[in-house]
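This is what each chain is made of:
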Amino acid sequence: MTQTTMQTALITGASSGIGLTFAEQLAEQHTNLVLVARSEDKLQALAQRLAQNHGIKTWVLPYDLTETDAGAQVAKTVDEWGLTIDLLVNNAGFGEYGSFSDRPRERHLNMVQLNIAALVDLTYQFLPRMRAKRSGAIVNVSSIAGFQPMPYLATYAASKAFVLSFSEALWAEVQDDNVRVVALCPGPTETSFFEEANFPDSMGDSMKSSLADPEEIVRDALKAIESNTPTVVSGGFLNQVIVNISRFLPRPVLVSAVEKQFRPPSSST
Ligand SMILES: NC(=O)c1ccc[n+]([C@@H]2O[C@H](COP(=O)([O-])OP(=O)(O)OC[C@H]3O[C@@H](n4cnc5c(N)ncnc54)[C@H](OP(=O)(O)O)[C@@H]3O)[C@@H](O)[C@H]2O)c1
């Protein structure tokens, strides 16, 4: 896929962090943008800024993707606007730190709905159109958290394992259709993610020393589309080490080590 064929991208979670950075970098490449998230004011401001600075077309679609049928509704609106989506970036997602049973049920269920169900539905809506025209790409944002179970981030890590497995499987399925699928797996990155996930300050602080720049993450993702690479671990060499260690350790050893590393500061067991 070359930039000359890339016309319109739809980005979920475009109001901040990695999604916003996707919007900025794609706008620099003169890609028109459909921006999806809940914060309409932020999306409008971003859309206006990018349209002015780069001469692109932008569309704002304020939507809560935890709503049932979200993917189908987004696709319906895109159809009503008469748009063809050449690049789908399934980026919207959140985590929730803490002991599984101590965190609100709604947070777990909404996380599954957003991180998994909406991503599957949006992929289901747009992949067949890309296959039919024999061009297009999908970036699904997973995480290095998807490479091993993570106590105290159990639902989040499992959701990202789903995204990783799902995306790699689709990558292989669509090789003959000239469509590309990338599982983007960042390590800790400088965004609102840690605040949203209710990480305790002490734990957030220790990670802050090694946070990656979202610019680097998005550059890696766009390169992976070009090179048709199914999985990209991004955000520094340490992240490559982490995902590779998890391949060789026995799973009980691995998960016990992660439990110790992520145990809430006040917990003594
Ligand atoms: N930052 C990291 O360390 C890291 C590492 C690995 C993977 N990731 C993944 O990267 C992706 C982007 O996260 P980020 O780090 O950029 O965090 P972020 O700055 O908190 O961005 C999350 C985005 O998702 C949107 N969103 C949240 N709930 C939504 C909903 N119900 N409906 C529609 N949009 C919703 C938010 O917009 P609104 O609030 O306006 O809806 C926001 O634009 C996530 O999938 C995350 O799991 C992050």
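Conventions adopted
Along each chain, the written sequence defines residue order, and numbers are assigned to residues from 1. Totals for whole chains, interfaces and linings use all residues, but because this is a predicted model, local features are given only for residues with pLDDT of at least 70 and pairs of side-chain atoms are given and counted only at 80 or more. Computation of side-chain values covers all heavy atoms of the structure but excludes hydrogens and water. pLDDT is a per-residue confidence score from the predictor, ranging from 0 to 100. Contacts are assigned to residue pairs with any non-hydrogen atoms lying within 4.5 Å of each other. Numbering of helices and strands starts at the N terminus; helices are DSSP runs of H or I of at least 4 residues and strands are runs of E of at least 2. Grouping buried Ala, Val, Leu, Ile, Met, Phe, Trp, Tyr and Cys residues that are joined through side-chain atoms within 4.5 Å yields what is termed a nonpolar core. Using a 1.4 Å probe on the protein chains alone, a residue whose accessible area is under 20% of its type maximum counts as buried, one over 50% counts as exposed, and one in between counts as partly exposed. A pair of strands is considered paired only if DSSP assigns at least 2 bridges between the two. Only the stretch in contact is used when fitting a helix axis, every axis being a line fitted to C-alpha atoms; angles between N-to-C directions are given from 0 to 180 degrees. Roughly parallel covers angles under 35 degrees, roughly antiparallel covers those over 145, roughly perpendicular covers 65 to 115, and oblique covers all other angles. Gly is placed with the polar residues, together with every amino acid not listed as nonpolar (Ala, Val, Leu, Ile, Met, Phe, Trp, Tyr, Cys and Pro) or charged (Asp, Glu, Lys and Arg). The nearness test applies per residue and asks whether one of its heavy atoms lies within 4 Å of the molecule or strand. For this analysis, a polar contact is any N or O atom pair within 3.5 Å, provided that within protein one partner can donate a hydrogen and the other can accept it, and provided that sequence-adjacent residues contribute only side-chain to side-chain pairs. Accessible surface area values rest on a Shrake-Rupley calculation with a 1.4 Å probe, where residue burial reflects the displayed protein chains alone.

1. Describing the confidence of the model for the protein
Interpretation of the predicted coordinates at a detailed level should be avoided for regions scoring low in pLDDT.
(1) Moving on: For the protein, per-residue confidence averages 94 on the pLDDT scale, and residues scoring 70 or more make up 95% of the total.
(2) Moving on: Below a pLDDT of 50 lies the segment residues 1-5, which in the model reaches twelve contacts outside its immediate sequence neighbourhood of four places, other chains included.

2. Here we look at the side chain of Asp220
(1) Moving on: Mapping Asp220 onto the fold places it in helix H8 (residues 214-227).
(2) Moving on: If sequence neighbours within four positions are ignored, Asp220 has contacts with Val232, Ser234 and Gly235.

3. Quick word on the nonpolar core
Taken as a class, soluble globular proteins show a tendency for nonpolar side chains to be buried jointly.
(1) Moving on: Ranked by size, the top nonpolar core spans 45 residues in total, and within it Leu10, Leu65 and Phe126 carry the most contacts.
(2) Moving on: For this core, the secondary-structure elements that each account for two or more residues are strand E2 (32-37), strand E3 (58-62), helix H3 (70-80), helix H4 (105-133), helix H5 (154-173) and helix H10 (251-262).
(3) Moving on: Broken down by element, this core gets its largest block of residues, eight residues, from H4.
(4) Moving on: If sequence neighbours within four positions are ignored, Leu10 has contacts with Val34, Val36, Val74, Val78, Ile85, Leu87, Leu88, Val89 and Phe126.
(5) Moving on: In this structure, Leu43, Val182, Ala212 and Leu222 belong to the second largest nonpolar core, which totals 33 residues.

4. Some remarks on the environment of Ala23
(1) Moving on: Topologically, Ala23 is positioned in helix H1 (residues 17-28).
(2) Moving on: If we ignore the near neighbours within four places in the chain, the residues touching Ala23 are Ile11, Leu33, Leu35, Leu46 and Leu50.

5. Some points on the sheet that holds strand E5 (residues 137-141)
Sheets are built from strands paired through backbone hydrogen bonds, the pairs being either parallel or antiparallel.
(1) Moving on: The seven strands lie next to each other as E3-E2-E1-E4-E5-E6-E7, forming an open sheet whose pairing is parallel. Each edge of the sheet is formed by a strand with only one pairing partner; in this case those strands are E3 and strand E7 (231-234). In this sheet, neighbouring strand axes are inclined to one another by 15° on average, regardless of whether the strands run parallel or antiparallel.
(2) Moving on: The strands touched by H5 are E5, strand E6 (180-186) and E7; relative to E6, the strand with the most contacts, the crossing angle is about 155°.
(3) Moving on: The strands touched by H8 within the sheet are strand E4 (87-90), E5, E6 and E7, with E6 carrying the most contacts at an inclination of about 155°.

6. Details of the packing of H3 against H4
(1) Moving on: Where H3 meets H4, the axes come as close as 6 Å, and the angle between the chain directions of the two elements is 40°. By the angle class used here, H3 and H4 are oblique. Every residue of H4 that contacts H3 at Ala70, Gly71, Ala72, Val74, Ala75, Val78 and Asp79 is listed here: Asp121, Leu122, Gln125, Phe126 and Arg129.
(2) Moving on: Here the contact of H3 with H4 is composed, by residue class, of seven nonpolar, two polar and three charged.

7. Description of the site of the ligand
(1) Moving on: Residues in close proximity to the ligand total 31 residues, the closest being Arg38, Ser39, Asn91, Tyr156 and Thr191.
(2) Moving on: A distance of 2.8 Å separates an oxygen atom of the ligand from a polar atom in the backbone of Thr189.
(3) Moving on: Bound to the protein, the ligand loses 94% of the 870 Å² it would expose on its own.
(4) Moving on: Of all the secondary structure elements, the ones that give two or more residues to the shell around the ligand are H1, H5 and helix H6 (193-196).
(5) Moving on: With three residues, H6 is the largest single contributor of residues to the shell around the ligand.
(6) Moving on: In terms of residue class, the shell around the ligand is built from 13 nonpolar, 14 polar and four charged.

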